[in-house]
Every structure is written in C-alpha cells, then in structure tokens.
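Working through the structure, step by step
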Amino acid sequence: MASKLIRMKKYLFLTVVCLLMSIRLFSQTPVYLTKAYKPVESDLYKAHSSLEIQGGDTWNNCFTLGVINNYHGYATFNIGGKYETISFIMGPDKGHGKNDPNIVQIHADGKRIFEHVVRDSDLAEHFTLNISGVDKLEFSLLKPEFDVAFCEVALWTKGQTPHDLRGKHD
C-alpha cells in the first residue's frame, strides 16, 4: 500500500510539473499582429503568411507597406490597449534596385514612438518597442522609395518577456 501511495505522489508531482511548464510556455507565446488584427485604415498594405526579405531569409506573420507613384503605404490597427511591448523584424522587401532610403515611422495613439531609415541594401533588423496601454498603432512610410516588410510582428502582454524571434522562421 505504501509503494502505491509513493507512486501516486510521484505521478501527481510529475503532472503538476508538466502543467506548470506548459503554462509557462503558453504564457510566453505572443499574439501575432497579422493573425489577430486587420487594419482599420490602410493603403498599399498587404499581409503575408510568409515572406522572403532582403538577406534571403523567409519570415512568417508579415506585412508590407508599398509605394506607387510616391504614394506611401500605411496601416492603422486598433489593438485595444492590451499589450505592453511589440517586437518585429523589419527590412526592405526583396528584389529592389538602387533607391533612395525610406523613412519608416510608427505612431502610438498619435504620438511618434519609432522612426528609422531603411535603405534598399539593408539586412533585416529586430526591434522592440514599449506600447503599454496603446489603443491605436500606425505604421507608415514617410519617404517612400520601395516596399518595406515587417515580419514576426509580435504583441506581448504584461508579464511576458519579449524575446528575439530571429531563428524561428521556416
């Protein structure tokens, strides 16, 4: 009888450990912007399940902002103030020639929180931004010269530890 009780305790202990590990793993999984949200306003925006960007890597959960005749792409998302951090990989869409650099901006509830120059020869870069309490998030090209890709755009809630998603692509 005692050995049966010991086996039950071991089984229960292992079950609890596995449950705690799965909760921890699940709690560190971000919400991907393109899977959870559609833009409420956009122009020259296109979502992609996967995309090859400059540097030859293929990434998942992407969108591009395009350029046509100097009209710039933008996309505005209502994310409802649920997230604390956003992380993403950004770079020029593959296959561009010699163009002037782009200026990419991100606004959170109308306030600029990010501005970065992207050249058509740049390799993809990883960024992490604080978006605590933000309802409206807008991505835009200020000086449009070529399409820019945003991939692995991940939203993280309070208590989650954002991590670099590079290396998680197919």
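Refer to the structure printed above.
All of these numbers come straight from a predicted model, not from anything done at the bench.

1. Concerning the pattern of salt bridges
Applying the stated criterion to the full structure yields 1 salt bridge. For E115, the salt bridge goes to R112, with nearest N and O atoms at 3.4 Å. According to the relative accessible area criterion, R112 is partly exposed, its value standing at 48%.

2. A few points about the pairing of strand β12 (residues 136-141)
Relative to β12, strand β7 (residues 74-78) is paired through 5 bridges, and the arrangement is antiparallel. The partner of F77 across the bridge, within β12, is L137. Alignment of strand β9 (residues 102-108) against β12, held across 5 bridges, turns out to be antiparallel. Looking at β12, one finds that H107 is bridged to E138.

3. Observations concerning the packing of aromatic side chains
Here the structure, examined in full by the defined rule, presents 13 aromatic pairs. Ring geometry for Y37 against Y83: centres 6.3 Å apart, planes inclined by 85°, an arrangement best described as edge-to-face. Taken together, the positions of Y37 in the loop between α2 (33-36) and β2 (41-43) and Y83 in the loop between β7 and β8 (85-92) put the pair 46 residues apart, joining distant regions of the chain. Here Y37 matches Y83 in class, with each residue buried. Summarising the aromatic geometry, the rings of F77 and F139 are spaced 6.0 Å apart at their centres and angled 90° between planes, so their arrangement reads as edge-to-face. You can see F77 sitting in strand β7 and its partner F139 sitting in strand β12, a full 62 residues away along the chain. Residues F77 and F139 agree in their burial class; the two are buried. Members of the aromatic cluster, joined through ring pairs, are Y45, F63, F77, F88, F114, F127, F139 and F150.

4. Focus: the sheet that holds β9
Reading across from one edge, β2-β7-β12-β9-β10 is the order of the 5 strands in this open sheet, with antiparallel pairing throughout. The open sheet has two free edges, formed respectively by β2 and β10 (111-118), since each of these has just one partner strand. Pairs of neighbouring strands in the sheet enclose a mean axial angle of 15°, with direction left out of account. Judged from the 3 bridges that link them, β2 and β7 form a sheet pairing that is antiparallel. In the sheet register, S42 faces β7, and the bridge partner there is A75.

5. Looking at the nonpolar core
Grouped together as the largest cluster of nonpolar side chains are 29 residues, with contacts concentrated most on I79, F88, F139 and F150. Within the residue set of this core, elements represented by two or more residues are β4 (58-65), β7, β8, β9, β10, β11 (125-130), β12 and β13 (148-156). Looking at which element gives the most residues to this core, the answer is β13, with 4 residues. Look past the residues within four positions of F88 in its chain and what remains in contact with it is I106, F114, E125, H126, F127, L129, F150, C151, E152 and V153.

6. Some remarks on the side chain of S87
Relative to the elements of secondary structure, S87 occurs in strand β8. Polar side-chain contacts of S87 include one of 2.9 Å to the side chain of W156.

7. As for the pairing of β13
Successive side chains on a regular strand alternate, one facing one side of the sheet and the next facing the other. For β13, the buried fraction is high: 9 of the 9 residues fall into the buried class. Two strands pair when backbone bridges link them, and strand β1 (residues 31-32) and β13 are joined in this way by 2 bridges, in the antiparallel orientation. Note on β13: the bridge partner recorded for V31 is L155. For β4 and β13, the ladder comprises 3 bridges, and the chain directions are antiparallel. Residue pairing in the sheet places T64 in a bridge with A149 of β13. Looking at chain direction, β8 and β13 are connected through 7 bridges and run antiparallel. Within β13, the residue paired with T85 across the bridge is W156.

Criteria and thresholds
Residues numbered from 1 in each chain as written. Predicted model: local features only at pLDDT ≥ 70, side-chain atom pairs only at ≥ 80, totals over all residues. Heavy atoms only, no water. Salt bridge = Lys/Arg side-chain N within 4 Å of Asp/Glu carboxyl O. Buried < 20%, exposed > 50% of the residue type's maximum accessible area, 1.4 Å probe, protein only. Pairing = 2+ DSSP bridges. Helix = DSSP H or I, 4+ residues; strand = E, 2+ residues; numbered from the N terminus. Phe/Tyr/Trp six-rings, centres within 6.5 Å; stacked < 30°, edge-to-face > 60°. Axes fitted to C-alpha atoms, helices over the stretch in contact; angles between N-to-C directions. Core = buried A, V, L, I, M, F, W, Y, C linked by side-chain atoms within 4.5 Å. Contact = heavy atoms within 4.5 Å. Polar contact = N/O pair within 3.5 Å; in protein donor to acceptor, adjacent residues only side chain to side chain.

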